Amino acid sequence: MAEYADHEGSADPLHKLRHSTAHVLAAAVTELYPDAKYGIGPPVEDGFYYDFAFGKPISEADLPAIESRMRRIVHEDRPFVQETLSRKEAVDEFTRRGQDYKLELIADKVEGDEVSVYHTGDFLDLCRGPHVASTRDLKAFKLLRVAGAYWRGDEQKPQLTRIYGTSWPSQKELDEYLRFLEEAEKRDHKKLGKDLKLFAVDDRVGPGLPLWLPAGATVRRELERFIVDEEIARGYLHVRTPDVARIELYEQSGHAQLYREFMYPPMRFEDGEQLELRPVNCPHHIVVYQTELRSYRDLPLRIAEIGNNWRYERSGTLVGLNRVRSFALNDAHIFCAPEQLMDEVRESIELATYFSGVLGIDEYRYELATRDDVKEKWMGDEQQWREAQDALAAALESMGQTYTIKAGDAAFYGPKIDFQVKDAHRREFTNSTVQVDFQLPQRFDLEYVAEDGSRKRPVMVHRGAAGSMERLFSYLIERYAGAFPTWLHPVQVVVIPITDAQVDYAKSIAARLRARKIRVEVDARPERMQRKIRDAQASKVPYMAIAGGREAESEHVNVRDRAGKQTDEPLDEFASRVAAEIAERRR
Ligand SMILES: [Zn+2]
Ligand SMILES: [Zn+2]
């Protein structure tokens, strides 16, 4: 069912198709496993799923049999028939079928006495539709995988088996989608992270706490250098502040009250001290602002840091580098006079756009997240919120950017612009954000000396321009399928001597390249050259420099790049070419 759930009543033809396929999946499962209980089965982006409780666990090996039963149901041309039952009739019917989850949904979700159900042959689901007319309308579908899922997403409730599938109007579209999945899987950052030795997750350290291995740490160092240098060039002041602070700091900022669910429990010491791992950097940067009396001449004051943040995500939600329990945010807080706000917002957007351009983040859109309607979820007054929202919208519009409004998605202290980026799996995530905040300046009683000598209150802009290092890295791994642009790649050149006689020459090549700050390795293993070339290709190194007797004599290198292009060139020319490519951060 899908029904009596979020996407309910969606008339989108693809949703209808997938929702209908989910019913057929549940019908097939109940025919093959009469003791199976079915939970919910909504359409999702690109497909659908259905959650079941099986008497005996099933695995992916069981999917082909289920799929073939589904095909039989399609072939039988069973109509989807809606019926309205009274609450009692519905309860009796699902009781008779032993479908406890449906009974729970009827109790929780159905209002009034009328319960809408759908028949597909003998299969009955609690559902408001709409559906396709008949199972014959399902043209091309495939079951993809099984996963565990808690009933209604609640860890306290039983764990069910979720079967994922996809469904399309034609075989051609299904084939295209399956090809896309295959490609996305090859690019999966968890897989490549392991194959290319970029990062590791180890249970002894804990889930959601990735270890950056030497190759991954090299990429991260390059990213951080790039980000920090660019920000300094744009007038940011980079600071270093601690990962912990007294709990009182977050009480003053409001995080301890309004952000509690994401925070680690405080560390309590015998002397009464309570320290808290910081979930955000803002309060620390505010304290930096307050280390001296600021004047209007100091503004805008842009305080930046790649700061570690700690947020306790539930273990079930942790994924590779995408959902972690500690991450380093490319963060900044801009303290400015109200009349400077618009320019600062614009420049923040421009910086994020610049980073995106260099890093190859091509597919993104802007979202303007506005205030929640629930008063408990935000602080401040209506007027300030309206001003802040208007300032963000005006900044985007003045840059000729379009955006969508996401009502209720703002931070508790102010509205924000999110850059929604699509990853290799076509999933969206928020990479960069620009937020306007009148509240924290008030809570911390921030001020500056105005031109006329009076004390005034600055406005704060919170902005993350390149997102978190973890999320950004995971995106880049998938974006480039591990073949990072040369300036980012962990190893930029691998030198391969053809025989042992050229090992010394190979080492001298490496030394010459290193002198130009090129990251280079010599593959002097006693392996055959073809094997070395294959291994270098597998590591996606941008350049292989092959050194034989002829090259040694003429101080040349035989260069092969990642695209398979081969050239023979003087060593110095090659070194200059690669150094220039790195310096320009060419994609
Ligand atoms: Zn349904
Ligand atoms: Zn902040």
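The following refers to the structure shown. (Residues numbered from 1 in each chain as written. Chains lettered and ligands numbered in written order. Predicted model: local features only at pLDDT ≥ 70, side-chain atom pairs only at ≥ 80, totals over all residues. Heavy atoms only, no water.)

Helix and strand content of the chain: 18 helices and 29 strands. In terms of principal-axis extent, the alpha carbons of the chain reach across some 85 × 75 × 55 Å. Among the 587 residues that make up the chain, the fraction classed as buried is 51%. Sequence separation of 24 or more characterises 71% of the internal contacts of the chain that already satisfy a separation of 6 or more. Accessible area for the chain stands at about 27300 Å²; split by element, carbon and sulfur atoms hold 48% of it. Positive and negative side-chain charges in the chain, numbering 85 and 100 respectively, have mean positions lying 4 Å apart. (Helix = DSSP H or I, 4+ residues; strand = E, 2+ residues; numbered from the N terminus. Buried < 20%, exposed > 50% of the residue type's maximum accessible area, 1.4 Å probe, protein only. Contact = heavy atoms within 4.5 Å. Areas by Shrake-Rupley, 256 points an atom, 1.4 Å probe, with all protein chains shown as cover. Lys, Arg positive; Asp, Glu negative; His and termini not counted. Charge placed at Lys NZ, Arg CZ, Asp CG, Glu CD.)

The full count for this structure, using the stated rule, is 25 aromatic pairs. With a centroid separation of 5.9 Å and 20 degrees between ring planes, the pair formed by Phe473 and Phe484 is classed as stacked. Taken together, the positions of Phe473 in helix α14 (residues 469-479) and Phe484 in the loop between α14 and β25 (493-497) put the pair 11 residues apart, joining distant regions of the chain. Accessibility classification places Phe473 together with Phe484 in one group, the buried group. Summarising the aromatic geometry, the rings of Tyr543 and Phe574 are spaced 5.6 Å apart at their centres and angled 80 degrees between planes, so their arrangement reads as edge-to-face. Of the two residues, Tyr543 sits in strand β27 (residues 543-547) while Phe574 sits in helix α18 (residues 571-583), which places them 31 residues apart along the sequence. Taken individually, Tyr543 and Phe574 each receive the classification buried, so the pair is uniform in this respect. Arg71 extends its terminal NZ or CZ atom over the ring of Phe141, reaching a point 4.8 Å from the ring centre. Seen from the ring of Trp212, Arg220 lies directly overhead, with NZ or CZ sitting 4.8 Å from the centre. (Phe/Tyr/Trp six-rings, centres within 6.5 Å; stacked < 30°, edge-to-face > 60°. Lys NZ or Arg CZ within 6 Å of the ring centre and 35° of its normal.)

What follows covers the environment of Val74. Counting through the fold element by element, Val74 comes out in helix α2 (residues 63-75). In this structure Val74 comes out as buried when scored by relative accessible area, which is 11%. Sequence separation between Val74 and Arg136 is 62 residues; the distance between their C-alpha atoms is 5.0 Å. Apart from the residues within four sequence positions on either side, Val74 is in contact with Thr135, Arg136, Leu138 and Phe141.

The subject of this paragraph is the coordination of the zinc ion (ligand 2). Coordination of the zinc ion (ligand 2) by the protein involves Cys282 (SG), His333 (NE2) and His462 (ND1), with metal-donor separations of 2.0 to 2.3 Å. Positions of the donor residues of the zinc ion (ligand 2), expressed as sequence spacing, correspond to C-x50-H-x128-H. Of this pair, His333 sits in strand β17 (residues 326-336) while His462 sits in strand β24 (residues 459-468); the two residues are 129 residues apart in sequence, bridging distant segments of the chain. Taken as a pair, His333 and His462 share a single burial class, namely buried. (Donors = N, O, S within 2.8 Å, 3.2 Å for Na, K, Ca; no water.)

Most of strand β3 (residues 47-53) is tucked away, with seven of its seven residues classed as buried. Here strand β1 (residues 37-38) pairs with β3 via two bridges, running antiparallel. By the bridge assignment for β3, Lys37 is matched with Ala53. Both strand β2 (residues 43-44) and β3 contribute to a ladder of two bridges, which runs antiparallel. Counterpart to Val44 in the pairing with β3 is Gly47. (Pairing = 2+ DSSP bridges.)

Let us now look at the environment of Trp385. Tracing the backbone shows Trp385 in helix α12 (residues 382-398). Beyond its immediate sequence surroundings of up to four residues, Trp385 is in contact with Arg371, Trp378, Met379, Gly380, Ala410, Ala411, Phe412, Tyr413, Gly414, Pro415 and Gln439.

For the coordinates displayed, the defined rule picks out 53 salt bridges. In this structure, the salt-bridge partner of Glu183 is Lys186, at a minimum N-O distance of 3.5 Å. Pair noted here: Glu183 and Lys186 are both in helix α5 (residues 171-187), with a separation of three residues, about one helical turn. On the basis of relative accessible area, Lys186 is assigned to the partly exposed category, the value being 49%. Asp409 is paired through a salt bridge with Lys406; the nearest N and O atoms lie 3.3 Å apart. Accessibility expressed as a relative area gives 32% for Asp409, which makes it partly exposed. Among the ionic contacts, a cluster of salt bridges with common partners joins Arg365, Glu367, Lys406, Asp409 and Glu428. (Salt bridge = Lys/Arg side-chain N within 4 Å of Asp/Glu carboxyl O.)

Put simply, helix α15 (residues 503-515) and α18 touch, their axes get as near as 10 Å, and they point 40 degrees apart. If you check the angle between α15 and α18, you find them oblique. Every pair of crossing elements has a handedness; the one defined by α15 and α18 is right-handed. Facing α15, whose interface residues are Tyr505, Ile509, Arg512 and Leu513, α18 presents Leu571, Asp572, Phe574 and Ala575. Along the lines of polarity and charge, the residues of the contact of α15 with α18 split into six nonpolar, no polar and two charged. (Axes fitted to C-alpha atoms, helices over the stretch in contact; angles between N-to-C directions. Parallel < 35°, antiparallel > 145°, perpendicular 65-115°, else oblique. Left-handed = near helix turned anticlockwise from the far one by under 90°. Nonpolar A, V, L, I, M, F, W, Y, C, P; charged D, E, K, R; others polar.)

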